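Examining the three-dimensional arrangement
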Amino acid sequence: MSAGRRHPTGSSQAGLSLVETVIALALTILVMGSLLELANPAAALHRTLPEAAAVQQRLRYAFDRLFSDLMRAGRGTTERLPGRLGRFLPPIVPYRLGHRAARDTHRRPVANAVSVLSVSRRAGAEATTLGPIAGAATTVELGAGPGCTQPGCGHRARDMVLVFDERGAWELFRVTAVAAMRLTLERVHATDTAFAPGAVVAPVDLSHYYFDAEQAQLRHYDGWRADFPLVDQLVHLGFGFLGVAPGPTACQSPATVGQLVDIDLSQLGDGPWCGPPGLPFDADLLRIRAVVVTLRVQSGAAEFRGVDPRLFTRPGSAPGMRGAVPDHEVTFTVAPPNL
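Structural notes, computed from the coordinates. Just so it is clear, the structure is predicted and the values come from calculations on it, not from any experiment.

Conventions and cut-offs
- Residues numbered from 1 in each chain as written.
- Predicted model: local features only at pLDDT ≥ 70, side-chain atom pairs only at ≥ 80, totals over all residues.
- Heavy atoms only, no water.
- Helix = DSSP H or I, 4+ residues; strand = E, 2+ residues; numbered from the N terminus.
- Rg over C-alpha atoms; globule rule 2.2 N^0.38 Å.
- Buried < 20%, exposed > 50% of the residue type's maximum accessible area, 1.4 Å probe, protein only.
- Contact = heavy atoms within 4.5 Å.
- Areas by Shrake-Rupley, 256 points an atom, 1.4 Å probe, with all protein chains shown as cover.
- Lys, Arg positive; Asp, Glu negative; His and termini not counted.
- Charge placed at Lys NZ, Arg CZ, Asp CG, Glu CD.
- Disulfide = S-S within 2.5 Å.
- Phe/Tyr/Trp six-rings, centres within 6.5 Å; stacked < 30°, edge-to-face > 60°.
- Salt bridge = Lys/Arg side-chain N within 4 Å of Asp/Glu carboxyl O.
- Polar contact = N/O pair within 3.5 Å; in protein donor to acceptor, adjacent residues only side chain to side chain.
- Core = buried A, V, L, I, M, F, W, Y, C linked by side-chain atoms within 4.5 Å.

**Remarks on the overall build of the protein**
Regarding its fold elements, the protein presents one helix and 16 strands. Taken against the 2.2 N^0.38 rule, which gives 20 Å for 339 residues, the C-alpha radius of gyration of the protein at 33 Å runs more than 25% over that of a compact globule. Along the three orthogonal principal directions, the C-alpha set of the protein runs to about 135 × 45 × 35 Å. Expressed as a percentage of the 339 residues in the protein, the buried residues total 45%. Look at the contacts in the protein between residues 6 or more apart in sequence, and 65% of them connect residues 24 or more apart. In the form shown here, the protein has an accessible surface area of approximately 17,300 Å², with 57% of it arising from carbon and sulfur atoms. Of the charged side chains in the protein, 33 are positive and 30 negative; the average position of the first set lies 5 Å away from that of the second.

Pasting the structure below:
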């Protein structure tokens, strides 16, 4: 009998059989596959979340700019001939106003652009003129009044001002020079409206928002030369208008009471015409009391856009919805208090 040697007597020391190995391998593959299946959505979410946040941020910024400027529409003077602007001019028009506006732009209202006028609270003081205003460019003396200090009652070169009088005549001017209590003014539009002494000069904000389909941008024009993009990857911009029934006199703002009705775009460019020669406007523009705005923004990368036309205005290359970021759209109604 050999000393120190022992032979295994049971199966507890035996290795796994082939069947057991195959089953263990299959279970391992199953578990790993399940883990990968759980990880794929997380990976897709990790890729799409930053892009979705960027789309939402662009939409939020476009909403904030349009909402805040539309809410100020029609804000008028408080010191000189106080009252809202809508009593003699349309604070919201569906076309371009400003130095670069075409002469017949008032006859071609569009659904994807709007110009907004309001008296500014951030520029110079309201004042009255001591001399007449005539011609394309003029220098006018200002009368002292509340908040009116030298030079030029706080107005600065390149500011835009609204000049109007008790008759309801009005025009937009750009300040080109300031000295003591004098302003040198240049007409924004090609008009020849003359003003007698005593006309009001008030700082004004002019904002023109429009959709650039080629560049997929929301753009802003300041009424003179500054024209720049605000939001990229905009694929739709639309404006609709709600208003009151026409008043008894076409060129006077009708009563603000009554049920609001849709104003078709065609009604805003067919007359009757009001306003100064060279800058006429459709009488129906004075009926506007609220604006309905629709914004739609897309992902900037084609890899995040799919092909479903209900979700993507411009199709992309995303194979399915798991890795896609649908277009974001919002529709809101603004009822400016000064309308």
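**Observations concerning the state of the cysteines**
Applying the stated rule across the entire model yields two disulfides. There is a disulfide in this structure between Cys 148 and Cys 153, and the S-S distance comes to 1.5 Å. Each member of the pair, Cys 148 together with Cys 153, is buried. Along the protein, the cysteines that take part in disulfide bonds pair up as 1-2, 3-4, counted in sequence order.

**Examining the packing of aromatic side chains**
With the rule as written, the count across this model stands at four aromatic pairs. Ring geometry for Phe 88 against Phe 164: centres 4.9 Å apart, planes inclined by 25°, an arrangement best described as stacked. With Phe 88 in the loop between α1 (18-71) and β1 (92-93) and Phe 164 in strand β5 (residues 160-164), the pair connects residues that are 76 residues apart, well separated along the chain. Each member of the pair, Phe 88 as well as Phe 164, is classed as buried. Measuring from ring centre to ring centre gives 6.5 Å for Phe 173 and Phe 195, while their planes differ by 65°; the resulting arrangement is edge-to-face.

**Considering unusual backbone geometry**
Between Gln 150 and the following residue, Pro 151, the backbone shows a cis peptide bond with an omega angle of -5°. A cis amide bond, omega 0°, links Gly 271 with the succeeding residue Pro 272. With respect to the helices and strands, the residue Pro 272 is situated in the loop between β12 (261-263) and β13 (273-274). For Ala 180, which is not glycine, the phi dihedral falls at a positive 50°. Tracing the chain through its elements places Ala 180 in the loop between β6 (170-179) and β7 (182-187).

**Quick look at the side chain of Arg 58**
Counting through the fold element by element, Arg 58 comes out in helix α1. The buried charged residue Arg 58 lacks any salt bridge, with Glu 51 as its nearest oppositely charged partner at 4.2 Å. Within the structure, the side chain of Arg 58 is placed 3.4 Å from the backbone oxygen of Asp 232, a separation counted as a polar contact. Leaving out residues up to four positions away in the same chain, Arg 58 has contacts with Glu 51, Val 231, Asp 232, Gln 233, Val 297, Gln 298, Ser 299 and Gly 300.

**Description of the side chain of Thr 191**
Secondary-structure assignment places Thr 191 in the loop between β7 and β8 (200-212). A distance of 2.4 Å separates the side chain of Thr 191 from the side chain of Glu 171, its partner in a polar contact. Not counting the four nearest positions on each side in its chain, Thr 191 is found in contact with Glu 171, Pro 277, Gly 278 and Leu 279.

**A look at the nonpolar core**
Judged by nonpolar contacts, the single largest core of 56 residues is most densely connected at Leu 162, Leu 237, Val 293 and Leu 295. The contacts of Leu 237, once residues within four sequence positions are left out, are Leu 66, Ala 111, Asn 112, Tyr 210, Phe 211, Leu 218, Val 293, Thr 294 and Leu 295. Counting 18 residues, the second largest nonpolar core, distinct from the first, contains Ala 125, Ile 133, Cys 148 and Leu 185.

**Regarding the pattern of salt bridges**
Pairing of side chains with opposite charge becomes possible as their charged atoms draw close. Tallied over the full model, the rule gives eleven salt bridges. A salt bridge links Arg 108 to Asp 104, with the nearest nitrogen and oxygen atoms 2.9 Å apart. The exposure class assigned to Arg 108 is partly exposed, which follows from its relative accessible area of 43%. Of the charged contacts, one joins Asp 205 and Arg 122 as a salt bridge, the two residues approaching to 3.1 Å between their closest N and O atoms.

Keep in mind these values describe shape, not function.
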